[in-house]
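Residues per chain are reported as follows:
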Amino acid sequence: MKKNLSEILQSADAETLEGLFDSVKTKENPTQNTKKKPKNNQPIFFRVVAVAASFALLISGAIALTFLLNREKFNRPSSLEPSTDLRKEIDTSLAALARSENVDRIIWSADAEPPYISASSTPLEELVEWNEILVTKEFYDRLAIASGSDLFAVTARPKSTVVLDFNDFVYEGKTGKELDDETNTALSLYETIQLLKRYVLLSDEEKEQNEWMIRTIVGAYGTAFLETYKTDEGFDLGLISDDSMRAETDFHIAQSKRDAAQTVFATSAFPRLFVFWDYLGIPVYSGYHKATDQHYYLAVITKAQLALLKENYTTVEKPYGEFDFENCYLSMVPYPEEDIAYAINKYATNPTTPVPPAPDESDQVPATIQE
Amino acid sequence: MDEKALLALFANDKSKALEQVLKTYTGFVFAIVRGRLGEICTSSEIEDCVNDVFIRFAENLEKFNPDRASLKTYLGVIARNCAANIARNRLPTVSIDDDLIEIPDDYDLEDEIAKKELAKTVIEQIKLLGSPDSEILFRKYYLGESTKQIAAELKLSPSNVDVRAHRAMEKLRKKLGGML
């Protein structure tokens with residue numbers, strides 16, 4: 001039988017949970033006095049406004065701090081196209097990698113993060129410079145003992161300190177900021193209708209004590225908003241409930257779209273290097289991890305090719321913008337067995353999809369970076 | 001004031017000790033409650049929930065055993081349960097397949113002791129996953145925080161949180177496969 005992890009954890013006692021709360025960072029208390037206040041002693045509306053203001057200060061302070069704490073701004077060229085366009089440039093799937101005659105020669109990582117992990121958790125102190133490019137310690141150690149013709153499966157990631165600017169990223173015609181705003185607006189509307197619903201369901205006495213609810217709603221959306229739900233007999237609960245469901249759906253749609261944009265955004269900075277490698281004739285494969293719906297690239301490159309990477313980079317046209325060597329690093333990847341199986345299965349079960357050809361791994365290497 | 005001194009104060013002056021608990025742990029309790037209710041409750045409702053946590057703590061003070069858990073953990077559990085009760089009434093429970101763990105059929109899940117033992121085994125394995133995976137699973141499946149909140153707290157991207165949670169669940173299932 002199967003059981004949800006959430007349900008299992010609910011039964012845990014405090015003794016078992018010891019230590020796990022240590023990661024919860026204390027937040028600034030938004031109120032001066034946490035003792036229960038009598039409901040009618042002071043206008044609750046002002047208390048709500050004060051608390052809301054404290055929250056706003058707290059949140060804006062936290063955001064400002066995040067940017068101040070040694071974060072490097074990612075150098076994103078304004079001409080960067082969405083990754084979906086870049087992906088079209090490289091259509092060689094992992095199925096082709098499996099058919100490649102060199103597949104048995106490739107050196108895979110023993111313990112690096114899988115290629116579908118786009119954001120790095122590798123500490124900066126574990127990054128080492130090798131021939132003017134940053135690589136992980138594991139990769140560095142393997143390169144030190146490798147011969148020039150040894151093949152490595154690699155991917156590129158931003159440093160863990162890099163903050164990507166989602167606000168300017170365009171996804172399906174809208175910027176990240178617009179998608180964020182739409183999600184927040186949809187959530188605000190949903191919460192407000194829910195608040196109205198709660199108010200309508202109160203007894204007359206409770207309504208008197210909770211007039212702040214109405215003031216909050218009017219403050220946010222005006223009296224016209226309330227009028228739409230009023231009839232001669234009072235508020236129309238049926239209409240409120242319908243609108244609440246609709247607003248919840250709208251919120252989830254906006255949230256899904258924003259989340260999808262964030263996923264694409266997180267992976268969009270790296271295809272630039274892979275497109276460049278593809279131009280050089282270095283085999284690049286597009287992978288897809290079905291369980292997490294993540295697209296990624298990995299390149300198969302020799303030590304000798306890698307040694308000349310920086311030198312060759314300056315000579316090649318880069319229509320999608322510069323790759324940020326300062327803020328990104330290369331890492332070996334573990335063998336993506338599950339993704340290769342998925343790719344092979346996809347082409348095997350869909351006869352209309354042509355199997356991508358395996359790139360020729362010897363002829364396409366430009367003379368400048370051949371051994 | 002550290003926890004040891006605070007506990008000593010309880011023996012001498014209970015009301016002063018409670019006041020000190022409020023002073024020391026309100027921010028911590030607030031973080032847990034806001035993590036769970038921040039997206040579905042108003043500020044004043046969150047504040048009320050934080051207050052309820054301390055009221056419940058004061059009412060059940062005799063149940064607290066410092067030999068078994070720290071004051072912080074004890075308050076954390078109360079805070080999580082208070083917030084979960086409110087959240088349960090606000091949002092429909094959504095079943096997530098990614099969250100499922102295989103339990104042997106002969107496990108008696110009606111038995112409270114068996115349930116506690118199962119939770120203990122699972123939590124020990126979660127702790128062994130290491131940071132940040134153990135924190136992600138704890139926050140997601142125990143505290144009920146959203147991906148966005150976890151990402152903000154742990155300084156990761158939301159997609160990375162989801163991916164890590166997925167991988168951590170896979171690891172956990174593998175580890176538990178031979179233990180249950």
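Computed from a prediction, not measured in an experiment: that's the story for all the values here.

Asks: Can you help me understand the environment of Ile-217 of chain A in this one?
Replies: Residues and elements named next belong to chain A. Here Ile-217 shows up in helix α9 (residues 211-221). Between the C-alpha atoms of Ile-217 and Ile-193, which are 24 residues apart in sequence, the distance is 8.4 Å. Contact partners of Ile-217, with chain neighbours within four places excluded, come to Thr-192, Leu-195, Leu-196, Gly-222, Phe-225 and Leu-226.

Asks: How should I be thinking about helix α3 (residues 43-59) of chain B in this particular structure?
Replies: Since the α-helix packs 3.6 residues into each turn, any two residues three or four apart lie on the same face. Residues and elements named next belong to chain B. When the terminal C-alpha atoms of α3 are compared, their 24 Å separation across 17 residues agrees well with the 24 Å that a helix rising 1.5 Å per residue should span. Counted residue by residue, α3 has twelve buried out of 17 residues, so it is predominantly covered. Of the residues making up α3, those classed as buried are Ser-43, Ser-44, Glu-45, Ile-46, Glu-47, Asp-48, Cys-49, Val-50, Asn-51, Val-53, Phe-54 and Phe-57.

Asks: What is the right way to read the packing of helix α5 (residues 112-128) of chain B against helix α8 (residues 158-177) of chain B from this model?
Replies: In a packed pair of helices, the relevant descriptors are the angle between the two axes and the axis-to-axis distance. All names here are of chain B. Their axes nearest at 10 Å, the elements α5 and α8 cross at an angle of 125°. In terms of orientation, α5 lies oblique with respect to α8. Of the two elements, α5 crosses α8, and the hand of that crossing is right-handed. Mapping the contact onto sequence places Thr-121, Val-122, Gln-125, Ile-126 and Leu-128 in α5 and Leu-172, Lys-175 and Leu-176 in α8.

Asks: Any chance you could explain the pattern of salt bridges here in plain terms?
Replies: If charged atoms from side chains of opposite charge come close, those side chains can pair. In this structure the tally under the stated criterion is twelve salt bridges over all chains. For Glu-182 of chain A, the salt bridge goes to Lys-174 of chain A, with nearest N and O atoms at 2.8 Å. On the accessibility criterion, Glu-182 of chain A (33% relative accessible area) is partly exposed. A salt bridge links Arg-258 of chain A to Asp-180 of chain A, with the shortest nitrogen-to-oxygen separation between them at 2.9 Å. Placement of the pair is Arg-258 of chain A in helix α11 (residues 237-268) and Asp-180 of chain A in helix α7 (residues 176-200), with a sequence separation of 78 residues. Take Arg-258 of chain A and Asp-180 of chain A: they sit in the same class, and that class is buried. Because the salt bridges share partners, they merge into one network encompassing Glu-113 of chain A together with Asp-133, Arg-164 and Lys-171 of chain B.

Asks: Please clarify how the pairing of strand β12 (residues 284-289) of chain A should be interpreted in this entry.
Replies: Here is the key point about a regular strand: its side chains alternate between the two faces of the sheet. Residues and elements named next belong to chain A. Bridging between β12 and strand β13 (residues 294-302) involves six bridges; their strand directions are antiparallel. The partner of Gly-287 across the bridge, within β13, is Tyr-296. Where β12 folds back on β13, the antiparallel hairpin that results is connected by four residues, among which Asp-293 adopts a positive phi of roughly 55°.

Asks: Explanation requested: unusual backbone geometry in the structure shown.
Replies: Only a minority of non-glycine residues have a phi that is not negative, and only a minority of peptide bonds are not trans. Residue and element names in this part refer to chain A. Although it is not a glycine, Asn-131 sits at a positive phi angle of roughly 50°. Along the polypeptide, Asn-131 turns up in the loop between β4 (127-130) and β5 (133-136). Residue Asn-131 is classed as partly exposed on the basis of its relative accessible area, which comes to 41%. Positive phi is not limited to glycine here, since Glu-172 has a value of about 50°. Turning to its location among the elements, Glu-172 is positioned in the loop between β8 (170-171) and β9 (174-175).

Asks: Just checking my understanding: could you explain the packing of aromatic side chains for this structure?
Replies: For any two aromatic rings, the description comes down to two numbers: the centre-to-centre distance and the angle of the planes. Evaluated as defined, the whole model comprises 13 aromatic pairs over all chains. Ring centres of Phe-225 of chain A and Tyr-229 of chain A lie 5.5 Å apart, and the angle between their planes is 70°; this geometry places the pair in the edge-to-face category. The residues Phe-225 of chain A and Tyr-229 of chain A share a single accessibility class, namely buried. For the ring pair Tyr-288 of chain A and Tyr-342 of chain A, a centre distance of 5.6 Å and an interplane angle of 55° mean the geometry is tilted. You can see Tyr-288 of chain A sitting in strand β12 and its partner Tyr-342 of chain A sitting in helix α15 (residues 337-349), a full 54 residues away along the chain. With relative accessibility at 22%, the residue Tyr-288 of chain A sits in the partly exposed group. Three or more aromatic residues joined by ring pairs form one cluster here, namely Phe-21 of chain A together with Tyr-25, Phe-28, Phe-138 and Tyr-142 of chain B. Positioned above the aromatic ring of Tyr-199 of chain A, the side-chain terminus of Lys-207 of chain A is 5.7 Å from the ring centre. Between the NZ or CZ atom of Arg-80 of chain B and the centre of the ring of Tyr-142 of chain B, over which it lies, the distance is 4.6 Å.

Asks: Whenever I open this one, the pairing of strand β6 (residues 151-158) of chain A confuses me. Can you help?
Replies: Residues and elements named next belong to chain A. Most of β6 is tucked away: eight of the eight residues are buried. Covered by surrounding structure in β6 are Leu-151, Ala-153, Thr-155 and Arg-157 together with Phe-152, Val-154, Ala-156 and Pro-158, the residues of both alternating faces. Note that β6 and β13 share four bridges and pair antiparallel. Paired with Leu-151 across the two strands is Thr-302, which belongs to β13.

Asks: I would appreciate a short explanation of helix α6 (residues 137-145) of chain A in the present structure.
Replies: All names here are of chain A. Taken as a whole, α6 has its buried residues at Glu-138, Phe-139 and Leu-143. Down the axis, α6 shows its buried residues gathered within 130° of arc, on one side only. Turned more than 90 degrees off the buried face of α6, the exposed positions are Ala-144 and Ile-145. Those residues of α6 that are buried lie in contact with β4, β5, β6, α13 (303-307) and β14 (328-332).

Asks: Would you explain a negative patch on the surface in this entry?
Replies: All names here are of chain A. Negative charge collects at one region of the surface, where Asp-204, Glu-205, Glu-206, Glu-208 and Glu-211 lie side by side. The leading source of residues in the negative patch is helix α8 (residues 204-209), at four residues. Relative to the helices and strands, Asp-204 resides in helix α8.

Asks: In this structure, what is going on with the environment of Ile-123 of chain B? I would like to understand it.
Replies: Tracing the backbone through its elements, the reader meets Ile-123 of chain B in helix α5. On the accessibility criterion, Ile-123 of chain B (2% relative accessible area) is buried. Along the primary structure Ile-123 of chain B and Phe-138 of chain B are separated by 15 residues, whereas in three dimensions their C-alpha atoms are 8.6 Å apart. If we ignore the near neighbours within four places in the chain, the residues touching Ile-123 of chain B are Leu-9, Ala-12, Thr-16, Leu-17 and Leu-20 of chain A.

Asks: Can you help me understand the confidence of the model for chain A in this one?
Replies: Low pLDDT means the predicted atomic positions in that stretch should not be read closely. All names here are of chain A. When pLDDT is averaged along chain A, the result is 72; 67% of the residues meet or exceed 70. Note on residues 29-90: pLDDT under 50 across the span, and 99 contacts to partners over four residues away in sequence or across chains. Counted against residues more than four places away or in other chains, residues 360-371, with its pLDDT under 50, gives 22 contacts.

Cut-offs applied
Residues numbered from 1 in each chain as written. Chains lettered and ligands numbered in written order. Predicted model: local features only at pLDDT ≥ 70, side-chain atom pairs only at ≥ 80, totals over all residues. Heavy atoms only, no water. Helix = DSSP H or I, 4+ residues; strand = E, 2+ residues; numbered from the N terminus. Contact = heavy atoms within 4.5 Å. Expected span 1.5 Å × (residues − 1). Buried < 20%, exposed > 50% of the residue type's maximum accessible area, 1.4 Å probe, protein only. Axes fitted to C-alpha atoms, helices over the stretch in contact; angles between N-to-C directions. Parallel < 35°, antiparallel > 145°, perpendicular 65-115°, else oblique. Left-handed = near helix turned anticlockwise from the far one by under 90°. Salt bridge = Lys/Arg side-chain N within 4 Å of Asp/Glu carboxyl O. Pairing = 2+ DSSP bridges. Phe/Tyr/Trp six-rings, centres within 6.5 Å; stacked < 30°, edge-to-face > 60°. Lys NZ or Arg CZ within 6 Å of the ring centre and 35° of its normal. Arc of directions from axis to C-beta. Patch = residues over 30% accessible without salt bridge, like charges linked within 9 Å, V, L, I, M, F, W, Y side chains within 5 Å. Areas by Shrake-Rupley, 256 points an atom, 1.4 Å probe, with all protein chains shown as cover. Lys, Arg positive; Asp, Glu negative; His and termini not counted. Charge placed at Lys NZ, Arg CZ, Asp CG, Glu CD. pLDDT = per-residue confidence, 0-100.

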